[in-house]
Amino acid sequence: MSLTLDSYRLLGRSGLRVSPLALGTATFGTEWGWGAGPDEARQLLDLYVERGGNFLDTAGTYTDGTAERLLGEFTRTHRESLVLATKYATLRRPGDPNSGGPHRKNLFASVEASLRRLNTDYIDLLYLHVWDFTTPVEEILRGLDDLVRQGKVLYVAMSNVPAWQVSRMQAIADLRGWSPLVALQIEYSLIERTGERDLIPMARELGLGVVPYSPLGGGVLTGKYGRDDLAGPSPDPRAGGDGPPRRTVNLALGNLTERSLGIADAVKDVAAETGHTPGQVALAWTLQRPGVTSPVIGARTLAQLKDNLGSLGVEFTAAHSAYLDKASATTLGFPHDTLAGEHIRTVTHGDLAIETRR
């Protein structure tokens, strides 16, 4: 079924309505060497909103704060109709250990700084950006709940956090009457499917809407790379001009491999059969996965954004879905693969046919 940006979805177990694609703003600003300037960024936002989009994703440290500042300027006249999501925890001032991390001191300081840059008095959705394995979960949850009670934050969520910690936090929040988690942001694409082991099933069970980032695998799934990119020398990331080339970044992150290029080839096959671009096919696959609420798209140009939005109209046949699933399959590992075996069903249920939800 074809979607549009105003085919709104509920975010997790909340009543908040969000677009099926979120507009990411890590490209708003040129401080990192490859983003969009103010005029281009404004055009991206305007097109997204004109099409019915309402879900904006940013972070306090994206492009050294410029992303939030531009959003604050661009959304001044229609702030109330938008869902602004930002994040905290990444280091804000090198040399100051308390300007990073999920603890209470950084939480409150980060939110106040984001409110000033965003030119607003409340944040719709606040993510803990990166887990640090240090701060007690009760300190985090109580701090988030305090901000909700103050009206500075409306909903709270997690990003880049182990499944067992998220589930533990959701249980504690429920038991103590603190603000529940409503969303989980993870990397998820045809290239990166390991979230299917625990993160996505956990989110579905506990009422968190999944908001995937990097649904195009750093651009690899658009078909822009080939086998020569694996063998050639890596450009010097310290070189001037446009900053670290995306190829260098993708090699460093492990997005550009023989396996990922094989998956990109499968995406091209489906794109040719459906009449869509590879990027649209790859993004549509993530968008249509169980548990996914709204993938984050990170366009730098209007042409890229328009192509991304075209994913809303992609419809797969069962054969196309099976082909992409097989090309990108990953093992779930223990105990999932073991428990899915026929011998386990025989031992536990005898000859009865039991339908299980995966």
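With respect to the confidence of the model for the protein
And then number 1: Residues with a pLDDT of 70 or more make up 93% of the protein, whose mean pLDDT is 92.
And then number 2: Every residue in residues 237–243 scores below 50 in pLDDT, and together they form 6 contacts with partners more than four places removed in sequence or on other chains.

A few points about the packing of aromatic side chains
And then number 1: Under the defined criterion, the tally for this structure stands at 4 aromatic pairs.
And then number 2: Centroid distance W32 to Y62: 6.2 Å. Interplanar angle 80 degrees. Geometry classified as edge-to-face. Of this pair, W32 sits in the loop between β3 (22–24) and α1 (38–50) while Y62 sits in the loop between β4 (55–57) and α2 (66–74), placing them 30 residues apart in sequence.
And then number 3: On the basis of relative accessibility, which here comes to 33%, the residue W32 falls in the partly exposed class.
And then number 4: In this structure Y62 comes out as buried when scored by relative accessible area, which is 14%.
And then number 5: One aromatic cluster in this structure is built from W32, W34 and Y62.

Regarding the pattern of salt bridges
And then number 1: Inspection of the entire model under this criterion finds 16 salt bridges.
And then number 2: Its salt-bridge partner being R13, residue D174 comes within 2.6 Å of it at the nearest N-O pair. On the criterion of sequence distance, the pair formed by D174 in helix α5 (residues 163–176) and R13 in the loop between β1 (9–10) and β2 (17–18) is long-range, its members being 161 residues apart.
And then number 3: With its nearest N and O atoms 3.0 Å apart, the salt bridge here joins E258 to R227. Separated by 31 residues along the polypeptide, E258 in helix α9 (residues 258–274) and R227 in the loop between β9 (209–213) and α7 (228–231) bring together distant segments of the chain.
And then number 4: Each of R193, E196, R289 and D325 takes part in salt bridges that share partners, so that together they form one network.

With respect to unusual backbone geometry
Trans is the prevailing form of peptide bonds, just as negative phi is the prevailing case for residues other than glycine.
And then number 1: The peptide bond linking F334 to P335 adopts the cis configuration, its omega dihedral lying at 0 degrees.
And then number 2: Turning to its location among the elements, P335 is positioned in the loop between α12 (318–327) and α13 (336–339).
And then number 3: Residues other than glycine seldom take positive phi values, yet N119 does so here, at roughly 55 degrees.
And then number 4: Among the structural elements, N119 can be located in the loop between α3 (104–118) and β6 (123–128).
And then number 5: For N119, a relative accessible area of 45% corresponds to the partly exposed category.

With respect to the pairing of β9
And then number 1: Counting buried positions along β9 gives 4 out of 5 residues, so the element sits mostly inside the fold.
And then number 2: Pairing of strand β8 (residues 181–187) with β9, which is carried by 5 bridges, proceeds in the parallel orientation. Paired with E187 across the bridge in β9 is Y213.
And then number 3: On the question of chirality, the crossover connecting β8 to the parallel β9 by way of helix α6 (residues 199–206) is right-handed.

What counts, and where the lines are drawn
- Residues numbered from 1 in each chain as written.
- Predicted model: local features only at pLDDT ≥ 70, side-chain atom pairs only at ≥ 80, totals over all residues.
- Heavy atoms only, no water.
- pLDDT = per-residue confidence, 0-100.
- Contact = heavy atoms within 4.5 Å.
- Phe/Tyr/Trp six-rings, centres within 6.5 Å; stacked < 30°, edge-to-face > 60°.
- Helix = DSSP H or I, 4+ residues; strand = E, 2+ residues; numbered from the N terminus.
- Buried < 20%, exposed > 50% of the residue type's maximum accessible area, 1.4 Å probe, protein only.
- Salt bridge = Lys/Arg side-chain N within 4 Å of Asp/Glu carboxyl O.
- Pairing = 2+ DSSP bridges.
- Right-handed = clockwise from strand over helix to strand, strands pointing away.

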